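Listed below are the residues making up each chain.
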Amino acid sequence: MSQLTLQNITKQFGLIKALNNISFEVKDQEFFVLLGPTGAGKTTTLRVVCGLEKPEAGHVMFDDVIIDGYTPAERDVAIVFQQYSLYPMLTVFDNMAFPLKAPGRNFSKDEIKAKIEETAEKLRISHLLHRKTAQLSGGEMQRVAIGRAIVRRPQIFLMDEPLSNLDAKLRESLRAELQHLQKIEGVTTLYVTHDQIEALTMADRIGVINEGELIQIGTPEDIYDRPASTFVATLVGSPRINLLDAVFQNHKIQIIGTDIVIKVPENLELPETFELGIRPENVVLDPEGEFSGNVKLLEPLGVETIVHITNGENEITSLITGLIKLDIGEHVRFNVDQNRLHYFTREGNRII
């Protein structure tokens, strides 16, 4: 397998700068997820890596070897697209055999058969090998597309939102299977998605991208617990983080538009005005709580309940474990975990 390095990549389409001086590294056998909204530059990054797009500046390297002049075939990467891109009139076996029969690959029929059967068993599609792909379900077709990509053991495995067209239950199942398969195969993987759940559950590391710029790189814990900006903080986490305008005076935080005042340690220094971030799970309902408000909305989710609480002019979201019985308009008390607060400048950059 290989290490992938993107060094100062810039890519433009006319006046639009799709990638702006992007640099990051995917370590050997690492599962790296590029996370960002639609139009952030995720797919363009994949197309640059596999040679379908030529950047205006920068280099792509495999194991410290610059491959800018290599054709897509010479780069030995495999890509799984959002659309399955299978040959509908061929069988599953023939679809998976297709890359093994490419020019320059001298596998015998027995070797091809053995590789396909081994891969099919790992993906649990052995019983489908002799069916036409046009007869398969969406989940089955995506398994075949993944199998076709990994059967030839590429240097780099690229995945372009491969689960986005599947239903929620199937996405959950395939997330776990893909993560397990990647660890078994040890394939260096660059996976792009707009789905923060996929990023947090699958990645060894995450790169957050927006409007062609890389905002932050870190482990899922880094990205969630120490977001570099309000953009990252709102992109990751469900329900969304509470972002509240606040004032800092006399070692106290006053949330503007509310009667909520939070005492902070004397060694904490903040700007006079800033944005305070509070994750919903850190807003804890408590009959003896320090703060209070009225229930505006309840969202029961079975294992959790989202409670929207109004205080003055502001609304604060709380995430409670299990189902909870409350009435709309009911007065409730709550505490805020002061060890888990996030502080951002008014421009949206992390302070602490």
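Values in this document were obtained by computation on a predicted structure and should not be read as measured data.

1. With respect to the overall build of the chain
Then step 1. Helices and strands together make up the secondary structure of the chain, namely eight helices and 20 strands.
Then step 2. Buried positions account for 50% of the 352 residues belonging to the chain.
Then step 3. Once local pairs closer than 6 in sequence are excluded, the contacts in the chain between residues at least 24 apart make up 65%.
Then step 4. Summed over its atoms, the accessible surface of the chain is roughly 17000 Å², and 49% of this surface lies on carbon and sulfur atoms.
Then step 5. Across the chain, the centroid of the 36 positively charged side chains sits 7 Å from that of the 49 negatively charged ones.

2. Some thoughts on the packing of helix H4 (residues 138-150) against helix H5 (residues 168-185)
Then step 1. Two elements in contact, H4 and H5, have axes separated by 11 Å at closest approach and are oriented at 15°. One way to sum up the angle between H4 and H5 is to call them roughly parallel. In this structure, the crossing between H4 and H5 has a hand that is right-handed. Together, Gly139, Arg143, Ile146 and Ile150 of H4 and Leu170, Ser173, Leu174, Glu177, Leu178 and Leu181 of H5 make up the contact between the two elements.

3. Side note on the sheet that holds strand E11 (residues 242-249)
Then step 1. Sheet architecture is open: five strands sit in the order E13-E12-E11-E14-E20, paired in antiparallel fashion. The open sheet is flanked by strand E13 (261-263) and strand E20 (342-344), the only strands paired with a single partner. Geometrically, the sheet is characterised by an average inter-axis angle of 35° between neighbouring strands, direction not taken into account.
Then step 2. Note: E11 against strand E12 (residues 252-255), four bridges, orientation antiparallel. Within E12, the position partnered with Gln249 by the bridge is Lys252.

4. Observations concerning the nonpolar core
Then step 1. Membership of the largest hydrophobic core comes to 46 residues, with the highest contact counts inside it found for Val92, Ile116, Ile125, Ile146, Phe157 and Tyr191.
Then step 2. Among the elements that line this core, the one with the most residues is H4, at six residues.
Then step 3. Ile255, Leu268, Ile316 and Leu341 belong to the second largest nonpolar core, which has 26 residues in total.

5. Examining helix H1 (residues 42-50)
Then step 1. Counting buried residues in H1 gives seven out of nine residues, a clear majority hidden from the surface.
Then step 2. When H1 is considered as a whole, its buried residues turn out to be Lys42, Thr44, Thr45, Leu46, Val48, Val49 and Cys50.
Then step 3. Just downstream of H1, Gly51 is the residue with a positive phi angle, here 90°.

6. Side note on the sheet that holds strand E3 (residues 31-35)
Then step 1. Taken in spatial order, the six strands make up an open sheet running E6-E7-E8-E3-E9-E10, and their pairing is mixed. With partners counted over all chains shown, the strands left at the sheet margins are strand E6 (77-80) and strand E10 (213-218), one partner each. Recorded for the sheet is a direction-independent mean angle of 20° between the axes of neighbouring strands.
Then step 2. With respect to the sheet, H1 is in contact with E3, E6, strand E7 (156-160), strand E8 (188-193) and strand E9 (205-210), its orientation differing from that of E7 by roughly 150°.
Then step 3. Against the sheet, H4 contacts E6 and E7, and its axis sits at roughly 175° relative to E6.

The rules behind each value
Residues numbered from 1 in each chain as written. Predicted model: local features only at pLDDT ≥ 70, side-chain atom pairs only at ≥ 80, totals over all residues. Heavy atoms only, no water. Helix = DSSP H or I, 4+ residues; strand = E, 2+ residues; numbered from the N terminus. Buried < 20%, exposed > 50% of the residue type's maximum accessible area, 1.4 Å probe, protein only. Contact = heavy atoms within 4.5 Å. Areas by Shrake-Rupley, 256 points an atom, 1.4 Å probe, with all protein chains shown as cover. Lys, Arg positive; Asp, Glu negative; His and termini not counted. Charge placed at Lys NZ, Arg CZ, Asp CG, Glu CD. Axes fitted to C-alpha atoms, helices over the stretch in contact; angles between N-to-C directions. Parallel < 35°, antiparallel > 145°, perpendicular 65-115°, else oblique. Left-handed = near helix turned anticlockwise from the far one by under 90°. Pairing = 2+ DSSP bridges. Core = buried A, V, L, I, M, F, W, Y, C linked by side-chain atoms within 4.5 Å.

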